[in-house]
Amino acid sequence: FDGKNYTISELSITENNIAVTDASFDKYVGLFGAIENGTVRRLKVSGSVKGKNAAGIVARMESGTIENCESNVTVVGTDNGKAGGIVCFTKFTYSV
């Protein structure tokens, strides 16, 4: 995904408003709930995200890259989960 230096403002995500179709990504909330072998670049995000495993941009990244991104998101992890401003959880090969 190339954000082309645009800003997504007033993002508001709360876990209980999300429908999950893949159990392996359950409880991961962010602008992008999960990416695999993907790239997110040139993106700014502001707002709020709240959930068990929450992030401002990518909640779960399995082999991927984040380039030139900025997060001004208030992130709240619930139920002893993880929280990250840009990425919450990474697995395998990644670059941020």
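Residues numbered from 1 in each chain as written. Predicted model: local features only at pLDDT ≥ 70, side-chain atom pairs only at ≥ 80, totals over all residues. Heavy atoms only, no water.

Quick look at the packing of aromatic side chains
The description of an aromatic ring pair uses the distance of the two centres, along with the angle that the planes make with each other.
(1) Moving on: For the structure on display, the rule yields two aromatic pairs.
(2) Moving on: When the centroid spacing of 5.9 Å and the interplanar angle of 50° are considered together, the rings of Y28 and F89 count as tilted. Pair noted here: Y28 is in strand β2 (residues 28-29) and F89 is in strand β7 (residues 87-95), with a separation of 61 residues, a long-range link. (Phe/Tyr/Trp six-rings, centres within 6.5 Å; stacked < 30°, edge-to-face > 60°. Helix = DSSP H or I, 4+ residues; strand = E, 2+ residues; numbered from the N terminus.)

So, the confidence of the model for the protein
(1) Moving on: On average, residues of the protein score 88 in pLDDT, and 86% of them reach the 70 mark or higher.
(2) Moving on: At the low end of the mean pLDDT range in the protein sits β7, at 81; at the high end sits strand β1 (residues 2-14), at 96. (pLDDT = per-residue confidence, 0-100.)

Quick look at the nonpolar core
(1) Moving on: With 16 residues, the main nonpolar core has V40, V49, I57, V58 and I66 as its most contacted residues.
(2) Moving on: Listing elements by their share of this core, those giving two or more residues are β1, β3 (32-51) and β5 (58-77).
(3) Moving on: In contact with V40, not counting residues within four places along its chain, are F1, F32, I35, I57, V58, T65, I66, E67 and C69. (Core = buried A, V, L, I, M, F, W, Y, C linked by side-chain atoms within 4.5 Å. Buried < 20%, exposed > 50% of the residue type's maximum accessible area, 1.4 Å probe, protein only. Contact = heavy atoms within 4.5 Å.)

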